[in-house]
Amino acid sequence: MSTRWLHPGAWWLWALGLGAAATRTANPLLLGLIVGVVTLVVSARRPQAQWAGAFTVFVRLGLIVIVIRIVFAMLFGVRVGTDLLFTLPSATLPSWMAGVTFGGPVTVEMLVIAAIQGAQLATLLICVGAANSLASPVRLLKALPAGLYHVGVAAVVALSLAPRIMINVRRVMRARRLRGRSTRGLRAAAESAVPVLESSLDDAINLAAAMDTRGYGRMTAAQPAERALQAGLVLVGLTGIALGLFAALGAASWGWLLLVIGLLMATGGIVIAGRRVPRTRYRPDPWNWPETITAGSGILAALAVLAGSTGTISLPLTWPALPPLAVLAILLAAAPALTTPPPPLPWRTA
Amino acid sequence: MSQVHAVRTSWRTISALILVSAVGLIAFFWPFVVSPDSLAADHATDAPWFFALLLPLVVGVLMADISAGGLDAKGVAMLAVLAAVATAVRPLGAGVAGLEPMFVVLLLGGRALGPAFGFALGSLAMFTSALLTAGVGPWLPFQMMAAGWLAMGAGLLPQIRGRAEIAMLVAYGVVTSLAFGFLMNLSFWPWALGPGSELSFVAGAPLSENLGRWFAFNLATSLGWDVPRAVLTAVLTVLAGPVLLRAVRRATRRAAFDVPVRFEPLVGAGRQ
């Protein structure tokens, strides 16, 4: 199979689908299966790039979350279960801190529930980490809607400038060392900030001039009616979102309706703003069968788990059963390891 | 001396900023106002995920509005370079809690270039630094919102100059560094603990009780990181603030943001 980059949106949909599946099940076997599938796909399709190392960072973060969850459960958790392990010394905080009680008896059930709930969060983080290390960030920026074109340009420039600024910092530090001045401590950091910032700001002015002469950051003149329509959609839409949220939090069911209408209007505002930016994309990432299969398998896993498993843990604890439909759907989500084209090698990255 | 606005601030941009901030406030503070009968109270651990999907959308709407309302090539370049500086200094901080040096850049950028530009700078810098370190996660939208507020606030402070300005920025930096940690805790408070624990929020409980539980949660988790961050922001602002602010202001003057562009016929040029 020839190499090419998969559309970053496909990887994110796949990962978020599996992550959503993880939040919907309290079955440790299914959670373990999701982690296994994600790890398999990442090891098969991870490109050789610096950002691809994110997966291990997120796995470590997930483990930390499980540990924190267990410690918090022992200290502050709900005292449930009958299988007593040990008892922590207990104390109550003063009333201005809500009279919180910590410590007390620790049971097997408490620890198991905390570990499973921690594993849910950890699985979700691992899915997000998979998306981080599979989808190229710069390609994700290319897929931004046209209305966000200017901000997208700023983000791309910032991403390519940031490593150069780090090199600049190192250069200034070397110059300080050659002059026999200290390179440690806050004062050195503050003093070296000035030349670094000055040269970066000079870069900004040059960049602006270069962009101006090449026509970046321009947009077509808007008709007054169109501009008013866009402003109206954005402002009314945002108002709808804010009011809808507030009403929904107050348990008014029409709040959700208002929220959805507001979201649609605000999105319409972005689309209309994008019409003023007549741009073509250079070599856009295509959306072909591999993308559809990848995104679809993730969403399918989410739906199957939603249908076939429960998110609550019932006491007394029992060994979890394996719902066949959910298992099958999660296993299918491993398909991208084979069906997607492998990423290009580093010297051919674009 | 009046303030430079790198982004033209029309009533439209201002009202969009206010509305997006209102949505952001709800996304952070909903545990204090949620009714026990609402859907969000039943799904307390899922609600942060819902807001993590909603916030990028409203921030995106705001960004589209800012760029449609007048972000020219100079604005884009200035935004990009300051975001790059903030992104570059972020890893210099200590590990996971290392947002510290970045705050100074955001503070000074928002201060020198106005509140609307500040908001764009704060959220863009959070976004690019997350992309560069591959740290895109559910926390990112909340960080973008909080960092946007932080930089916007620096531009909204009264326009004074000299030592008084630095003193004001130091005080502001300390308060916002602490507030940033408290806000980030607030954003994952509902799902970090799950419902029912001694430190979890209780839907519909009186405000004072939930505030107390939130404070106890802060104490138990992150106050040990928030205080050093506030101190470092203050020290860096005192040491580097005056020169950096001057540098940014000089560059802003050279970029001449508020000068209207006019096309005039060249006198005596060409043969016509």
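Residues numbered from 1 in each chain as written. Chains lettered and ligands numbered in written order. Predicted model: local features only at pLDDT ≥ 70, side-chain atom pairs only at ≥ 80, totals over all residues. Heavy atoms only, no water.

**Considerations on the overall build of chain B**
Moving on, step 1. The helix and strand inventory of chain B stands at 10 helices and 0 strands.
Moving on, step 2. Mapped in sequence order, the helices and strands of chain B form the string α-α-α-α-α-α-α-α-α-α.
Moving on, step 3. A total of 272 residues make up chain B; the buried ones form 64% of that total.
Moving on, step 4. Considering only contacts within chain B whose residues lie at least 6 apart along the sequence, 79% involve residues at least 24 apart.
Moving on, step 5. Summed over its atoms, the accessible surface of chain B is roughly 10300 Å², and 69% of this surface lies on carbon and sulfur atoms. (Helix = DSSP H or I, 4+ residues; strand = E, 2+ residues; numbered from the N terminus. Buried < 20%, exposed > 50% of the residue type's maximum accessible area, 1.4 Å probe, protein only. Contact = heavy atoms within 4.5 Å. Areas by Shrake-Rupley, 256 points an atom, 1.4 Å probe, with all protein chains shown as cover.)

**Some points on the pattern of salt bridges**
All names here are of chain B.
Moving on, step 1. All told, the structure shown has 6 salt bridges over all chains when counted by the stated rule.
Moving on, step 2. In this structure, Arg249 engages Glu165 in a salt bridge whose closest nitrogen and oxygen atoms are separated by 2.9 Å. Within this pair, whereas Arg249 is found in helix H10 (residues 223-255), its partner Glu165 is found in helix H8 (residues 163-193), the two being separated by 84 residues in sequence.
Moving on, step 3. Taking relative accessible area as the criterion, Glu165 reaches 3% and is therefore assigned buried.
Moving on, step 4. Among the charged side chains, a network of salt bridges with common partners joins Arg111, Arg161, Glu165 and Arg249. (Salt bridge = Lys/Arg side-chain N within 4 Å of Asp/Glu carboxyl O.)

**A closer look at the packing of helix H3 (residues 47-68) of chain B against helix H7 (residues 140-156) of chain B**
Residues and elements named next belong to chain B.
Moving on, step 1. It is at 8 Å that the axes of H3 and H7 come closest, and there the two elements cross at 50°. Between H3 and H7, the angle is such that the two are oblique. Seen along the crossing, H3 lies across H7 with a hand that is left-handed. For the pair H3 and H7, contact is made by Pro48, Phe51, Ala52, Leu55, Pro56 and Val59 and by Pro141, Phe142, Met144 and Met145, respectively.
Moving on, step 2. Grouping the constituent residues of the contact of H3 with H7 by class yields 10 nonpolar, no polar and no charged. (Axes fitted to C-alpha atoms, helices over the stretch in contact; angles between N-to-C directions. Parallel < 35°, antiparallel > 145°, perpendicular 65-115°, else oblique. Left-handed = near helix turned anticlockwise from the far one by under 90°. Nonpolar A, V, L, I, M, F, W, Y, C, P; charged D, E, K, R; others polar.)

**A few points about the confidence of the model for chain A**
Moving on, step 1. On average, residues of chain A score 82 in pLDDT, and 93% of them reach the 70 mark or higher.
Moving on, step 2. The secondary structure element of chain A with the lowest average pLDDT is strand S1 (residues 84-92) of chain A, at 76, and the one with the highest is helix H2 (residues 28-45) of chain A, at 91. (pLDDT = per-residue confidence, 0-100.)

**With respect to the interface of chain B and chain A**
Moving on, step 1. Contact with chain B, which involves 89 residues of that partner, is made by 79 residues of chain A.
Moving on, step 2. Summing the contributions of chain B and of chain A, the shared interface buries around 7100 Å²; its carbon and sulfur component is 81%.
Moving on, step 3. For Arg250 of chain B, the salt bridge identified is with Glu198 of chain A, shortest N-O distance 2.2 Å.
Moving on, step 4. One can count 2 residue pairs in polar contact (both at pLDDT 80 or more) joining chain B with chain A.
Moving on, step 5. If you list the elements that add at least two residues to the side of chain B that touches chain A, you get helix H1 (11-33), helix H2 (39-42), H3, helix H4 (73-89), helix H6 (115-132), H8, helix H9 (207-221) and H10 of chain B.
Moving on, step 6. Sorting elements by how many residues they give to the side of chain B that touches chain A places H4 of chain B first, with 14 residues.
Moving on, step 7. Its residues assigned to classes, the side of chain B that touches chain A comprises 64 nonpolar, 14 polar and 11 charged. (Buried area = accessible area lost by both parts, 1.4 Å probe. Polar contact = N/O pair within 3.5 Å; in protein donor to acceptor, adjacent residues only side chain to side chain.)

**Quick word on the environment of Thr312 of chain A**
Residue and element names in this part refer to chain A.
Moving on, step 1. Mapped onto the secondary structure, Thr312 falls in the loop between helix H10 (289-308) and helix H11 (324-332).
Moving on, step 2. Of the residues examined, Thr312 reaches a relative accessible area of 59% and is grouped as exposed.
Moving on, step 3. In this structure, the C-alpha to C-alpha distance between Thr312 and Arg24, residues 288 residues apart in sequence, is 8.8 Å.

**Description of the packing of H2 of chain A against helix H4 (residues 108-134) of chain A**
Residue and element names in this part refer to chain A.
Moving on, step 1. Contact pair H2 / H4: the axes reach a minimum separation of 10 Å and the direction vectors enclose 15°. Between H2 and H4, the angle is such that the two are roughly parallel. Considering how the two elements wind past one another, H2 and H4 form a crossing that is left-handed. Along the contact surface, H2 presents Pro28, Leu31, Ile34, Val35, Val38, Val41, Val42 and Arg45, while H4 presents Ile116, Ala119, Gln120, Thr123, Ile126, Cys127, Ala130, Ser133 and Leu134.
Moving on, step 2. Counted by class, the contact of H2 with H4 contains 13 nonpolar, 3 polar and 1 charged residues.

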